Each structure stands twice: as C-alpha cells, then as structure tokens.
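One-letter residues, chain by chain:
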Amino acid sequence: MSNVRPESMERITTEALAEAFIAEQVAALRAQVGEKKVLLALSGGVDSSVVAALLIKAIGKQLVCVHVNHGLLRKGEPEQVIEVFRHQMDANLVYVDAVDRFLDKLAGVEEPEKKRKIIGAEFIRVFEEEARKLDGIEFLAQGTIYPDILESGPVKAHHNVGGLPEDLQFELVEPLKFLFKDEVRVVGKALGLPDGMVYRQPFPGPGLGVRCLGAITRDRLEAVRESDAILREEFQKNGLEGKVWQYFTIVPDFKSVGVKEGKRSFEWSVIIRAVNTKDAMTATVEDVPFALLQHITARITAEVKGVNRVCYDLTPKPTGTIEWE
Ligand code: XMP
C-alpha cells in the first residue's frame, strides 16, 4: 500500500469531516479484518487512543488492547486508560502491571541511551509475552501518523528499538497513517474520547524515565511523578493548559542542602520546564507568571517527599533540548 497521502484527501478540520473519515475507516477496517482479531499496544497517548477508539467502533471486542504499565507513566494515566477503555468503551483491555520488572532492569543504569534501550526492549518483550498468550491474532494495529512516515517530526524517531520476533509478524492495521496530529485530535473528539486524552501534551515513549536523571530510583521517580502532577494541576487551574506546548518536571540525581522545620535537610531538587514550539526542533521558554512559579514551588516543597528546592529552566532550544535526559 502506498505511503503517500492522496492529493484528493481533504484536511480534516471539522466534526463533519471527521465523521466522514470515521465512517470510511470503519468500513475499510471491517473489510480488512473480517472476523479476525487485532492486537494493539495502547499507551494512552493521543495516537494509540484514537486508533483504539476507531477499532472499537469498527470491530468491538475483536480488538485486544494491551496496556503496559512500565512504572514510568504520569500520575493517573493507567487509571484513565482503564476507566475510558474498559469501563466507558467496554473494550477488551489487558492491563499488564510491569512496574517492578522495568524498575529492576533499570536499577543502577545511568546512561541515557542505555536507559532508553532497556525501556524499549523490555516493552517489546512484555508485549510479545502477552501476544503469545492470545489465540487467533492476525493483525497488529499501530498509531502511525503521517509525520512518522515523513520522518519530519523528531517525536517518534526515538522509537528505534527493533520489533517483534519473526514468528510474531502480523499484518499491520494503520488507519491514521495519512493524518496529521491536529486531524487525529479532531477524529478523537468525534469518537468521544475525553479532552484530557485528545489534547494531551507530547510525552516521550520512555516516559518519566528520561526526566528522572541518572540511575532511576523509586524515591526520585515518585518525586518526578508527584511534582509533575502538581505542575499540571496548577497549569490547568491557571489557564495555561492547552496554551503552553509542553511542561513537566525533572529530578536530577544530586542533592543540595536546605532547611526544613528548623533543621538542615539534604534533599533532591525539582526543575520545572515549560516551552513553546511548532515542531520541537527549536523552542522558547514560556513566561510563566512569577507568582504562579512561587506558588508551585511552595506546593512542591511542601507536598513532594524528599525535595527541598525548585528551579525554573530559562533555557531555549538551542542551546538546551526540551527534555533533560
Ligand atoms: P528534545 O528533548 O530532543 O525533544 O528537544 C523533542 C521532543 O521529542 C519528545 N521526545 C520523545 N517523544 N519518544 C517520543 O515519542 C521519545 O523517546 C522521545 N524523546 C523525546 C520530547 O518530549 C519533545 O517533545
């Protein structure tokens, strides 16, 4: 099949156009899949969630979604996947708690590229194990979108960890492969996915693993997750959600001295990053109101265990990258 978007394809900008796309894809998916089963790795990100919703509409329980919790997801994400897909959409969802497995593999590994490779390879392994437990799967659905094919976006270029073994080669189902991200969101909305999922900011595949610098430890990972949740809550409350392109926290692997409850404390720091960009190749720093930064700092130092200091990263890309790693 061609990997070039047909010239005749209209840009999906409205609900009516999304409905037409959905109807066309539902018919095409039913024709392609028939009575067979389809497997999908459902991370809860925009692309895999929209593929899932589309396939659920087309083939219902013939779709088997596998959600692997590798312990590096943001606060509330696995719960949201279960709530939306299992409870609201009545999907066939396999939830795999692989937290200990990933964290054990990552223990003591400091080098960023090694961490990425371990996370990617372990993900494939867990997914493969789940696939082997299932009978009658002939298709593998993927949330490939047009920028992935064009390779213009840096976002999925990092997914370079190999694939499933030879004996598990399924026929691919890629219903979004000609869509741009904004179109995927319009389609997701029309399929009834919640805004929190459809308008989600980008999130790297290796998740919080790239924001917990150096060797990942459970205490610092929890500090990243909790501080990120506070930042997201405050951005949402203060009208910055949907306005700022990407925002998150980082916990480096060094401690500094501070004072807590009248005593010296030797604890971790949290760094806040909030950037705007068009294509992630360059980025500018969001001018977050100073009072809000102070408020977030007060909350993080009060609520997140083991943290005594918060910094705001003022570096654009270049010279910084968006993530710290
Ligand atoms: P950098 O840090 O290179 O990041 O300026 C550019 C954009 O890419 C995202 N990113 C990833 N996205 N898988 C992804 O899907 C990854 O492994 C990955 N690593 C970085 C990053 O969040 C930013 O939006």
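Residues numbered from 1 in each chain as written. Predicted model: local features only at pLDDT ≥ 70, side-chain atom pairs only at ≥ 80, totals over all residues. Heavy atoms only, no water.

K.L.:
Run through the packing of aromatic side chains, naming residues and quoting values.
P.N.:
For the structure shown, the criterion picks out 4 aromatic pairs. Judged by centre distance (5.5 Å) and plane angle (85°), the rings of Tyr-146 and Phe-180 are edge-to-face. Remark: Phe-180 occurs in the loop between β5 (171–173) and α7 (181–190) and Tyr-146 occurs in helix α6 (residues 146–150); sequence separation between them is 34 residues. The exposure class of Phe-180 is partly exposed, given its relative accessible area of 22%. Seen from their ring centres, Phe-235 and Tyr-247 are 4.6 Å apart, and the 35° between their planes marks the pair as tilted. Here the residue Phe-235 occupies a position in helix α9 (residues 218–237), and Tyr-247 occupies one in strand β6 (residues 246–250), the gap between them amounting to 12 residues. Taken together, the aromatic side chains of Tyr-146, Phe-178 and Phe-180 make up a single cluster linked through ring pairs. For Arg-74, the ring lying beneath its charged end belongs to Phe-203, and the centroid distance is 4.0 Å. (Phe/Tyr/Trp six-rings, centres within 6.5 Å; stacked < 30°, edge-to-face > 60°. Helix = DSSP H or I, 4+ residues; strand = E, 2+ residues; numbered from the N terminus. Buried < 20%, exposed > 50% of the residue type's maximum accessible area, 1.4 Å probe, protein only. Lys NZ or Arg CZ within 6 Å of the ring centre and 35° of its normal.)

K.L.:
So, the domain arrangement of the chain: which residues are in play, and what are the values?
P.N.:
Here the chain is described as being made up of domain 1 (15–198) and domain 2 (211–312). Taking only C-alpha atoms into account, the centre of domain 1 sits 28 Å from that of domain 2. When the two sides are added together, the surface that domain 1 and domain 2 hide from each other amounts to roughly 1,200 Å², 56% of it contributed by carbon and sulfur. Where domain 1 packs against domain 2, one counts 3 salt bridges. Salt-bridge contacts for Glu-226 lead to Lys-75; the nearest nitrogen and oxygen are separated by 3.0 Å. Inspection of the region where domain 1 meets domain 2 yields 7 residue pairs in polar contact (both at pLDDT 80 or more). By residue number, the principal contributor to the side of domain 1 that touches domain 2 is helix α4 (residues 99–106), which donates 4 residues. Class assignment for the residues of the side of domain 1 that touches domain 2 results in 6 nonpolar, 2 polar and 6 charged. (Domains from an automatic or database assignment. Buried area = accessible area lost by both parts, 1.4 Å probe. Salt bridge = Lys/Arg side-chain N within 4 Å of Asp/Glu carboxyl O. Polar contact = N/O pair within 3.5 Å; in protein donor to acceptor, adjacent residues only side chain to side chain. Nonpolar A, V, L, I, M, F, W, Y, C, P; charged D, E, K, R; others polar.)

K.L.:
Summarise the side chain of Arg-211; cite the residues concerned and give the values.
P.N.:
For Arg-211, the position within the fold is in the loop between α8 (195–198) and α9. A distance of 2.9 Å separates a polar atom in the side chain of Arg-211 from a polar atom in the side chain of Glu-323. When near neighbours in sequence (up to four residues on either side) are disregarded, Arg-211 contacts Pro-202, Phe-203, Pro-204, Val-224, Gln-246, Phe-248, Thr-249, Ile-250, Val-251 and Glu-323. (Contact = heavy atoms within 4.5 Å.)

K.L.:
Tell me what's going on with helix α2 (residues 46–59), and back it up with residues and numbers.
P.N.:
Compared with an ideal rise of 1.5 Å per residue, which puts 14 residues at 20 Å, α2 spans 20 Å between its outermost C-alpha atoms and is within 8% of the ideal. Of all the 14 residues making up α2, 13 are buried; the element is thus mostly covered by neighbouring parts of the structure. Among the residues trailing α2, Gly-60 stands out with phi positive, at a value near 55°. (Expected span 1.5 Å × (residues − 1).)

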